[in-house]
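Take a look at the letters that make up each chain.
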Amino acid sequence: MEDRAPVPPPHPAKDVTEHVGYRLKKASTALRGAMDKALREHDLTVPQYSCLELLDEQPGLSNADLARGTFVTRQSANIVLRGLKDAGLITQATSTDHGRALPIHLTAAGRQRLHAARGAVYAIEERMIESIPARRLTALLADLDMMTEALGGPERSSG
């Protein structure tokens, strides 16, 4: 085994816990844990909740659209959607007049479950943003979008 020269960090950091990626993952894990706990009370998972939110904003999305919008694979999206269908929270057309994508819509029960869960999720986001000065929120969101773009990531922003 040969010794190699150390790779300098991208910015001054005493250890890995001071790296941006580490901090983003730590924040993401905290958010996911809080959302998992809150959504459990509404009998939803985070991906299911995300699908309901997207369908509320954009009725008629396809499986592929929902997979992209919730940052999961099509196979994972199919599993999530099957659970939502079985719970009576969404409906999907069995055929379409154009293209192959079958549009998906919320049912009345889906809308009701979403609205009940939304309060819990928004309370989590409120806790997060209250922890930083209000004047920095716009800059934080812009910075996160720029980092995502720098990595060629998905373009889903409500900016």
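This text gives an overview of the structure that appears in the document.

Conventions and cut-offs
Residues numbered from 1 in each chain as written. Predicted model: local features only at pLDDT ≥ 70, side-chain atom pairs only at ≥ 80, totals over all residues. Heavy atoms only, no water. Helix = DSSP H or I, 4+ residues; strand = E, 2+ residues; numbered from the N terminus. Rg over C-alpha atoms; globule rule 2.2 N^0.38 Å. Buried < 20%, exposed > 50% of the residue type's maximum accessible area, 1.4 Å probe, protein only. Contact = heavy atoms within 4.5 Å. Areas by Shrake-Rupley, 256 points an atom, 1.4 Å probe, with all protein chains shown as cover. Axes fitted to C-alpha atoms, helices over the stretch in contact; angles between N-to-C directions. Parallel < 35°, antiparallel > 145°, perpendicular 65-115°, else oblique. Nonpolar A, V, L, I, M, F, W, Y, C, P; charged D, E, K, R; others polar. 1 Å grid on protein atoms, 1.4 Å probe; cavity = no way out; pocket = protein on both sides within 12 Å on 5 of 7 lines; lining within 4 Å. Points joined across faces, edges and corners; volume = space filled by probe spheres on them. Core = buried A, V, L, I, M, F, W, Y, C linked by side-chain atoms within 4.5 Å. Salt bridge = Lys/Arg side-chain N within 4 Å of Asp/Glu carboxyl O.

Assigned secondary structure in the protein consists of six helices and two strands. Taken from the N to the C terminus, the helices and strands of the protein come in the order α-α-α-α-β-β-α-α. A compact globule built from 159 residues should have a C-alpha radius of gyration of about 15 Å, whereas the protein, at 19 Å, is more than 25% larger. Seen through its C-alpha atoms, the protein measures out along the principal axes to roughly 60 × 40 × 30 Å. Scored against the burial criterion, the 159 residues of the protein give a buried share of 23%. Nonlocal contacts in the protein, meaning residues at least 24 apart in sequence, comprise 50% of its contacts between residues at least 6 apart. Accessible surface computed for the protein: about 11500 Å², of which carbon and sulfur atoms make up 54%.

Closest axis-to-axis distance for the helix α1 (residues 20-40)/helix α2 (residues 46-57) pair is 9 Å, and the angle between their directions is 80°. Our classification of the angle between α1 and α2 gives roughly perpendicular. Residues R32, M35, D36 and L39 of α1 lie in contact with α2, whose contacting residues are V46, P47 and Y49. Across the contact of α1 with α2, the residue classes tally to five nonpolar, no polar and two charged.

This part is about the layout of surface pockets. Of the voids in this model, the largest pocket is the one considered here, and its volume is about 2600 Å³. Every residue lining the largest pocket is counted, 50 residues in all, and those nearest its centre are L31, F71, E125, L141 and L144. Broken down by element, the lining of the largest pocket gets its largest block of residues, twelve residues, from α1.

Take the nonpolar core next. Membership of the largest hydrophobic core comes to 24 residues, with the highest contact counts inside it found for L39, L52, L66, L84 and I90. At the level of elements, α1, α2, α4 (74-86), β2 (104-106) and α5 (108-130) are the ones that each hand at least two residues to this core. With six residues, the single largest contributor to this core is α2. Those residues within four positions of I90 in sequence are excluded, and the remaining contacts are L52, L55, L81, L84, K85, I104, H105, L106 and T107.

So, about the pattern of salt bridges. This structure, assessed with the given rule, holds four salt bridges. A salt bridge links D36 to R32; the nearest nitrogen and oxygen atoms lie 3.2 Å apart. Placement of the pair is D36 and R32 together in helix α1, with a separation of four residues, close to one helical turn. Note on D36: relative accessible area 27%, which makes it partly exposed. Given the relative accessible area of 39%, R32 is considered partly exposed. In this structure, D56 and R118 form a salt bridge, with 2.9 Å as the shortest nitrogen-oxygen distance. With a gap of 62 residues between them, D56 in helix α2 and R118 in helix α5 connect regions that are remote in the sequence. Taking the relative accessible area as the measure of exposure, R118 reaches 17% and is therefore buried. Look at the salt bridges and you will find they share partners, linking E53, D56 and R118 into a network.

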